[in-house]
Every structure is written in structure tokens, then in C-alpha cells.
Amino acid sequence: MNTAARVESIDTSIRRRYYERIRPLNLTPLWESLHALVPRAPQTPCVPALWRYDDIRPLLMESAELITAEEAVRRVLVLENPAIMGRSSITQSLYAGLQLIMPGEVAPSHRHVQSALRFIVDGKGAYTTVGGERTTMYPGDFIITPSWAWHDHGNEGIGGVSEPVVWLDGLDIPMVRFFDAGFAENDDSKVQHVARPEGHSLARFGHNMVPVRHDHQSATSPIFNYPYARSREALAQLQKQEAPDAWLGHKLRYINPLTGGSPMPTISTNLQLLPAGFAGKPHRATDGAVYSVVEGRGHAEIGGQHFDFQPRDTFVVPSWASLRLTASEDAVLFSFSDRPVQQAMGVLRESFDEAAEAN
Ligand code: GTQ
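From a predicted model like this one, the values you see are computed outputs, not experimental measurements. For every chain, the first residue of the written sequence is number 1, and numbering continues from 1 along that sequence. Note on the predicted model: pLDDT of at least 70 is required for a residue's local features to be given, and 80 or more for side-chain atom pairs to be given and counted; whole-chain, interface and lining totals, by contrast, use all residues. Working from all heavy atoms in the structure, the side-chain values ignore hydrogens and water.

### Thoughts on a nonpolar patch on the surface
Moving on, step 1. Any residue with relative accessible area above 30% and no salt bridge may belong to a patch, with like charges joined within 9 Å and the nonpolar Val, Leu, Ile, Met, Phe, Trp and Tyr side chains within 5 Å. Methods summary: accessible areas were calculated by the Shrake-Rupley approach with a probe of 1.4 Å, and residue burial reflects only the protein chains presented. Whenever Lys or Arg places a side-chain nitrogen within 4 Å of a carboxyl oxygen from Asp or Glu, that contact is recorded as a salt bridge. A grouping of L30, L34, L37 and V38 is seen on the molecular surface, where their side chains present a nonpolar patch of about 380 Å² in accessible area.
Moving on, step 2. Strands are runs of DSSP state E lasting at least 2 residues, helices are runs of H or I lasting at least 4, and numbering of each runs from the N terminus. One can find L30 in the loop between α2 (12-22) and α3 (34-37).
Moving on, step 3. Taking the relative accessible area as the measure of exposure, L30 reaches 45% and is therefore partly exposed. Remark: exposure states derive from per-residue accessible area (1.4 Å probe, protein chains only) relative to the maximum for the residue type, with buried under 20%, exposed over 50%, and partly exposed in between.

### Topic: the site of the ligand
Moving on, step 1. When we say a residue is near a molecule or strand, we mean one of its heavy atoms is within 4 Å of it. Neighbouring the ligand are R74, V76, Y95, Q99, H110, H112, R118, H151, H153, D169 and L171.
Moving on, step 2. Under the rule applied, a polar contact is a pair of N or O atoms within 3.5 Å (in protein, one hydrogen donor and one hydrogen acceptor; residues adjacent in sequence only if both atoms are side-chain atoms). Interatomic distance of 2.9 Å between a side-chain N/O atom of R74 and an oxygen atom of the ligand.
Moving on, step 3. Within the side chain of H112, an N or O atom sits 2.7 Å from an oxygen atom of the ligand.
Moving on, step 4. Protein coverage of the free-state accessible area of the ligand, which is 280 Å², stands at 89%.
Moving on, step 5. Looking at the shell around the ligand, the elements with two or more residues in it are β3 (95-101), β4 (106-112), β9 (151-155) and β10 (165-171).
Moving on, step 6. Side-chain classes are defined by residue name, with Ala, Val, Leu, Ile, Met, Phe, Trp, Tyr, Cys and Pro counting as nonpolar, Asp, Glu, Lys and Arg as charged, and the others, Gly among them, as polar. Its residues placed into classes, the shell around the ligand shows 3 nonpolar, 5 polar and 3 charged.

### Quick look at the pairing of strand β6 (residues 126-130)
Moving on, step 1. Of all 5 residues in β6, 5 are buried, a share of seventy percent or more.
Moving on, step 2. Residues A126, T128 and V130 of β6 are buried on one face, and the alternating residues Y127 and T129, pointing to the opposite face, are buried as well.
Moving on, step 3. Pairing geometry for β6 and strand β7 (residues 133-137), over 5 bridges, is antiparallel. Looking at β7, one finds that Y127 is bridged to T136.
Moving on, step 4. Whether two strands pair depends on DSSP finding at least two bridges between them. Connecting β6 to the antiparallel partner β7 that follows it, the hairpin turn spans 2 residues, and G131 within it adopts a positive phi of roughly 50 degrees.

### So, the sheet that holds β7
Note on sheets: strands pair through backbone hydrogen bonds, and any given pair is parallel or antiparallel.
Moving on, step 1. Read from one edge to the other, the open sheet built from 5 strands follows the order β7-β6-β9-β4-β11, with strand pairing classed as antiparallel. Edge strands, defined here as strands with exactly one partner in the open sheet, are β7 and β11 (184-186). Shown here is a sheet whose adjacent strand axes are inclined to one another by a mean of 25 degrees, direction ignored. Axis geometry follows a simple rule: fit a line to the C-alpha atoms, using only the stretch in contact for helices, then measure angles between N-to-C directions, giving values from 0 to 180 degrees.

### Considering the packing of aromatic side chains
The way to describe two aromatic rings as a pair is by their centre distance and the angle between their planes.
Moving on, step 1. Any pair of Phe, Tyr and Trp rings, taking the six-membered ring for Trp, is counted once the centres come within 6.5 Å. Such a pair is stacked with planes under 30 degrees apart, edge-to-face with planes over 60 apart, and tilted for the rest. According to the stated counting rule, one finds 13 aromatic pairs in the structure shown.
Moving on, step 2. Between the aromatic rings of F334 and F336, the centroid separation amounts to 6.4 Å while the plane-to-plane angle is 45 degrees, which identifies the pairing as tilted.
Moving on, step 3. Residue classification places F334 among the buried residues on the basis of a relative accessible area of 0%.
Moving on, step 4. Through successive ring pairs, a cluster of aromatic residues spans F119, F142, Y226, Y254, F334 and F336.
Moving on, step 5. Seen from the ring of Y127, R134 lies directly overhead, with NZ or CZ sitting 3.6 Å from the centre. A ring is scored as having a charge over it whenever the NZ atom of a lysine or the CZ atom of an arginine sits within 6 Å of its centre and within 35 degrees of its normal.

Printed below as a string of C-alpha cells:
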């Protein structure tokens, strides 16, 4: 027998004894795990899931009787992917949660390396202050807290309305944890000093114009509130003017006006309109995504599983799971994913062919 033939016929128990001998030296044989380490196609442990707001809202309101926003620092129910419970992750790279702030409450000022987005789901009259500028939050607004920016939230009511406000938090917590790059600080004061008038960033950067002399250096967009009224108006115009894309409907991505890239370095965000009667074709991408339903009812078929959605629901589409969207009424969906990171790595893949349903 030549060497190769002799080795191929070796008893696996001999190999196992060898593995036991190398383990104390912190060594492991690649050939036992190679296929799992470099799979032929993405093998996410995450599963599709939908969180019904009608189920969650009473539980969120109950949380306000258990703990104040101030004691909690952030009173949030974390949306955990059911297949990876205990990791505060909705996908491997993204965190999502529903944050509640009651009238009169304050969520004290702090800052951290993790970037956050807020997508306002329910109620109005709350504000967030980011790096010295305050913005009042309305349903459907997409608001950014950049990495390391001071931020506090409050709810003082507006126009005589005083009601609980709930938003979807999306953060890159799992990414920062993966890189072990997290730092955080509490502020000296609970509420930040407001240094600039409300709407200042939007006036400077939010009209397809930017100040000729500005010193914005950050990797995050200089706009930190993308108001729903404006984004919705764009979709309404498009709906009148052109046919919807067969896969996505009318889908726009938010941009950093200084770069044309995503408003946040780690998270891309989108708003899409599915016209009543829309029956989209299946598509998939390696960036798993979180969706928040703003308007309308419809259906998402995610990796072969079926979910009916209605306003304020949240659902998650795992990496490389096929997604098919249909709408019985005009429906508007906000979504976010780790796309900019995958693009920076050169690994983003997506498929819009008719065969996306296979696998
Ligand atoms: O509002 O600062 O859902 O720091 C998780 C961590 C929200 C926030 C979250 C946070 C925040």
C-alpha cells in the first residue's frame, strides 16, 4: 500500500485520539470543519420572523409600570431572532428593539461607539437631541444617532398632544461586539444643552444643497432627521409617474448628501411603496434586513414562510432568504440592513432572477 492509500484507510478513532492530543495546545484540524467554515452558500442560523405590534404594544405599556425611562436608561423590548435567543440580535450583525418613552419622561444623555437609527412607529411629541441639536419625532421619521454622539430622548408632547411614543431602534451592536470595539460614556447632565435651532442640519444639508464652507468630517450623514412627510411625498409622486419595479415596487434608499452613500457607515436604510394589488417577484440578497411597516396591509413570503403584515409590525428577512412582497392596499415599508459593510468588504450578492425562490 502506498502512503496515500494507507492514510485513507486509517481508523477514525486514531484520528480522534490525535485531535485529543493537539487540543491542549489550542489546535484543531481544519479538515473537520472546512465545509462549515466556507459554505457553498450562506448558512445563516437566523430564521424569518414577524413581531405584531398589536401583541407588543400592551406589553410595552406594561413595562412603563415596572421601570421608568430614567432608571432603565433606555426602556426597550429587544426583538431577538428566535433562532439565536440571548444575543440581542435580530440578524447576526444587527440589533433591533422597540423603545418607549412616556409623556414627561427623560432617557438620560449618553454616548457610545455603536450607531443607532430610530424609526418612529407610534405617537408624536417626543424629541431626541443629538450632538446639541434637538429634533421632534413624528411617525415614519428616520433619525440617526451617529457613533460617539451624545444623545438624550424626552417626551414633552406637541400641539396639546401628550401620548406614549414608541420607535424602532436599529443598532450595529452585534458588529461592534464582533470587533470588540465598543466604548460608552454617561453624560454629566441628564439632558444635553441645546446648542443649535431645531431643523438646522436639515436646512444646511437637506435640500440638495450643502453649505459652501462646512467642516462635516464624520462618516455619518450631516442630516440626522429624514422626515417622513418628505420621503412619503417622493413615493407618492413616483407612484403617479412610473410603473413599480417588479421586485421592489417603488423603493428609494436614503443617502448621505455629501457622498451619495448610506447615511450611516454600517447600516443602509430604505423606504418603499407597494401599490395596492402589487405582487412582487421573489428576490434575495446576502444582507439580511429588518422591515417596519408604516402604512397598508400585505404579505411577505420569506424563505417559504408566510407572514401577513399591517402597520407598525416589524419583520426580519435573514441573509439570502428569498423575499416576495405583496400588498392588498398601498403599503409603505421602511427597511435597514448591513449592506454598506458588505459592500466595503466586496461580498454583497443579490439575485433578482425568477429562480430566487429555489433553495
Ligand atoms: O437609545 O441610546 O435600543 O444605547 C439600545 C442601546 C437604544 C439608545 C437601544 C442604546 C439605545
